[in-house]
Amino acid sequence: MKLFITFLIFFISLMIMGQDDYGYRIDGEDIVFKFDVRDYSMVTINDTQVKLDLSDINIKKVAVAGTFNKWAKNDWKLKNIKNGVYELRKKIKYLNTDSGASFKFVINDKFWVEPPAIAPNREQLTLDDIFVSVYNLKLNEIKESENGNHTFYLHGYSNAQRVVVTGTFNNWDENEFELECKDGYWELTLDLPIGTHEYRYIVDGQWMRDPHNPKKKPNEYNEFNSVITKRKLQKFRLKNVDFKNVYLAGDFTDWQNNKLQMNLINGFWEIEIPLTRGVHHYKFIVDDIWIVDPMNNSVQYDKHDHINSVILIK
């Protein structure tokens, strides 16, 4: 009995471990690329279909190449952490991976490491000109999460076998995000990046836009994609208790001077509003006088030669 329990725990552990993506991990605001020689067995020689055993390669250096660095095979070098394990840490915000990314490890500027068949994030691509399939690892920081910032709902379709949501946020992958069937509806919660995303549902292989979302955009198939915009909460603060009224105005309010009234809290005038990604110009209106933000050194002239405070939402 003890032997059976031990085996069961080991088997469950393998299943849990097997669910992790290969080649990277998310660590706060960073992506850590990780190459562990024990995870791979085959390599392909540059610009050929010739494959070799990884164990036959004398590893001198390891780099990561992908869509985020134009597949440069010798720029992003990993550091040898310990015997057979290499790592490279990069800031997520600099990689532009909102819609996913593909990558591979490259050994000695010549040998491209082949993802194992068991890697859950392995993707297959077909080179149309020579009808050859290649395999890469897929990097996508978007994950299913109960605490995510957007829940996809599709009501009805109780007889459907499978419902998937796909969009610009995952390069239109047709299998990655499958909705769960509830009592009369389908549901999935994701943590999406800030910005505007197009998406569609796939119900038993049939593509359709979200019937519950009126926001839509034409696509190349003379149909429509549904559209959502996720915003980031940004807090604005101004220190001074002697003011009577303080408002916030900017390009996000069409410069209306009485739309966003700030509140006095513990010696600061404050307001928190959702903003889209990008550069925003703003000013405070203090007792009918327009001023730049004294706590923000970033300022810029607009097309009317007005100087404004500037904030960048990433």
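Above this note sits the structure.
Here the structure is a predicted model, which means the values were calculated and not measured. (Residues numbered from 1 in each chain as written. Predicted model: local features only at pLDDT ≥ 70, side-chain atom pairs only at ≥ 80, totals over all residues. Heavy atoms only, no water.)

Focus: the environment of histidine 212
At step 1: Among the secondary structure elements, histidine 212 is positioned in the loop between β17 (206-208) and β18 (216-218).
At step 2: Overall, the relative accessible area of 44% leaves histidine 212 in the partly exposed class.
At step 3: Sequence separation between histidine 212 and serine 226 is 14 residues; the distance between their C-alpha atoms is 9.4 Å.
At step 4: What histidine 212 contacts, discounting residues up to four positions off in sequence, is Tyr153, Leu154 and His155.
At step 5: Of the polar contacts made by the side chain of histidine 212, one reaches the backbone nitrogen of histidine 155; its length is 3.2 Å. (Helix = DSSP H or I, 4+ residues; strand = E, 2+ residues; numbered from the N terminus. Buried < 20%, exposed > 50% of the residue type's maximum accessible area, 1.4 Å probe, protein only. Contact = heavy atoms within 4.5 Å. Polar contact = N/O pair within 3.5 Å; in protein donor to acceptor, adjacent residues only side chain to side chain.)

Digging into the sheet that holds strand β6 (residues 79-82)
At step 1: An order of β1-β2-β7-β6 is seen for the 4 strands of this open sheet, with the pairing classed as antiparallel. Across the chains shown, the open sheet's two edge strands, defined by having one partner strand only, are β1 (24-27) and β6. Adjacent strand axes in the sheet meet at a mean angle of 35 degrees, parallel and antiparallel pairs treated alike.
At step 2: Bridging between β6 and strand β7 (residues 85-91) involves 3 bridges; their strand directions are antiparallel. What sits directly across from lysine 82, in β7, is valine 85. (Pairing = 2+ DSSP bridges. Axes fitted to C-alpha atoms, helices over the stretch in contact; angles between N-to-C directions.)

So, the pairing of strand β15 (residues 185-190)
At step 1: Summarising burial for β15: 5 of the 6 residues are buried, a large majority.
At step 2: The sheet contact formed by strand β12 (residues 150-155) and β15 spans 6 bridges and is antiparallel. Within the sheet, the bridge partner assigned to tyrosine 153 lies in β15 and is glutamate 187.
At step 3: Of the strand pairs in this sheet, strand β14 (residues 180-181) and β15 are connected by 2 bridges, and their pairing is antiparallel. By the bridge assignment, cysteine 181 is partnered in β15 with tryptophan 186.
At step 4: Count of turn residues in the β14/β15 antiparallel hairpin: 3 residues, of which glycine 184 carries a positive phi of about 90 degrees.

Points about a nonpolar patch on the surface
At step 1: A cluster of nonpolar side chains, contributed by Val299, Tyr301 and Ile307, occupies part of the molecular surface with about 290 Å² of accessible area.
At step 2: With respect to the secondary-structure elements, isoleucine 307 resides in strand β28 (residues 307-313). (Patch = residues over 30% accessible without salt bridge, like charges linked within 9 Å, V, L, I, M, F, W, Y side chains within 5 Å. Areas by Shrake-Rupley, 256 points an atom, 1.4 Å probe, with all protein chains shown as cover. Salt bridge = Lys/Arg side-chain N within 4 Å of Asp/Glu carboxyl O.)

A look at the nonpolar core
At step 1: The biggest cluster of nonpolar side chains holds 27 residues, and the ones touching the most others in it are Phe33, Phe35, Val64, Phe68, Phe103, Phe105 and Ile107.
At step 2: Contributing elements (two or more residues each) for this core: β2 (30-36), β5 (62-66), β7, β8 (101-107), β9 (111-113) and β11 (132-139).
At step 3: Top element by residues in this core is β8. It accounts for 4 residues.
At step 4: Setting aside chain neighbours within four positions, we find phenylalanine 35 in contact with Tyr40, Leu54, Ile59, Val62, Leu78, Gly84, Val85, Tyr86, Phe105, Ile107 and Val113.
At step 5: By size, the runner-up hydrophobic cluster in this structure holds 18 residues, among which are Phe152, Leu190, Tyr201 and Ile228. (Core = buried A, V, L, I, M, F, W, Y, C linked by side-chain atoms within 4.5 Å.)

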